[in-house]
Amino acid sequence: MEIIYWHDLINKNFSSQVLKKGTSVCVGCFDGVHKGHRKLLLELTNYAKQNNLYSVVVTFTEPLAKIKNKHNYKGDVSTLAYRLYLLEKLEIDFVILVDFDNEFASMSGINFFNILKEKLSLKFITEGVD
């Protein structure tokens, strides 16, 4: 599993191999990589394998609840290192780590989606109900 930071993804050209093959992407906090997350991520990896795509998870370096509601935050469900370990066990090819800063927070959804399309050659996106 290769880990790439969002700012590096934006500022550098991604592998031409990835751009040729394309990706299946899932975006989420994945704070605990619980049973529901695993089901969603297995759908991601299965679809990617069946369609000869790379599997990509876009997630955050810190839980969004911590960033958005710092005063009432009770603590992390799991560490970033442990979340990455679990994602690797699920055979995710790439993880894009986002530092949720003001620049990222102000980005429109369309711009975010267009970056995924352009930089990752997005072919399929898997999302949960929330």
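Residues numbered from 1 in each chain as written. Predicted model: local features only at pLDDT ≥ 70, side-chain atom pairs only at ≥ 80, totals over all residues. Heavy atoms only, no water.

1. Observations concerning the side chain of T45
Structurally, T45 can be placed in helix α3 (residues 35-50). At 3.2 Å, the side chain of T45 and the backbone oxygen of L42 are in polar contact. The contacts of T45, once residues within four sequence positions are left out, are S55, L90, E91 and I92. (Helix = DSSP H or I, 4+ residues; strand = E, 2+ residues; numbered from the N terminus. Polar contact = N/O pair within 3.5 Å; in protein donor to acceptor, adjacent residues only side chain to side chain. Contact = heavy atoms within 4.5 Å.)

2. Some points on the sheet that holds strand β1 (residues 2-5)
Judged by pairing direction, the sheet is parallel, and its 5 strands sit side by side in the order β1-β4-β3-β2-β5 without closing on themselves. Across the chains shown, the open sheet's two edge strands, defined by having one partner strand only, are β1 and β5 (122-126). Taking each pair of neighbouring strands and ignoring which way they run, the sheet shows an average axis angle of 25 degrees. (Pairing = 2+ DSSP bridges. Axes fitted to C-alpha atoms, helices over the stretch in contact; angles between N-to-C directions.)

3. Structural notes on helix α7 (residues 109-120)
Counted at 1.5 Å a residue, the expected span for α7 with its 12 residues is 16 Å, and the 16 Å between its end C-alpha atoms agrees. Restricting attention to buried positions, one finds in α7 the residues F112, I115, L116, K119 and L120. Taken end-on, α7 shows its buried residues confined to a sector of 100 degrees, consistent with a single buried face. Along α7, exposed side chains directed more than 90 degrees from the buried face belong to I110 and E118. (Expected span 1.5 Å × (residues − 1). Buried < 20%, exposed > 50% of the residue type's maximum accessible area, 1.4 Å probe, protein only. Arc of directions from axis to C-beta.)

4. Remarks on the confidence of the model for the protein chain
Looking at the protein chain, the pLDDT average stands at 87 and 88% of residues meet or exceed 70. Helix α4 (residues 64-68) is the least confidently modelled element of the protein chain, averaging 65 in pLDDT, while strand β4 (residues 94-98) averages 95, the highest of any element. (pLDDT = per-residue confidence, 0-100.)

5. Notes on the packing of aromatic side chains
To describe a pair of aromatic rings, one takes the distance between the centres and the angle between the planes. Enumeration according to the criterion identifies 9 aromatic pairs in this entry. Ring geometry for Y47 against F124: centres 3.7 Å apart, planes inclined by 15 degrees, an arrangement best described as stacked. Residue Y47 is located in helix α3, and its partner F124 is located in strand β5; the two are separated by 77 residues in the primary sequence. Chaining the aromatic ring pairs together yields one cluster made of W6, F60, F100, F104 and F112. Between K21 and the ring centre of Y54, over which it is positioned, the NZ or CZ distance is 4.3 Å. (Phe/Tyr/Trp six-rings, centres within 6.5 Å; stacked < 30°, edge-to-face > 60°. Lys NZ or Arg CZ within 6 Å of the ring centre and 35° of its normal.)

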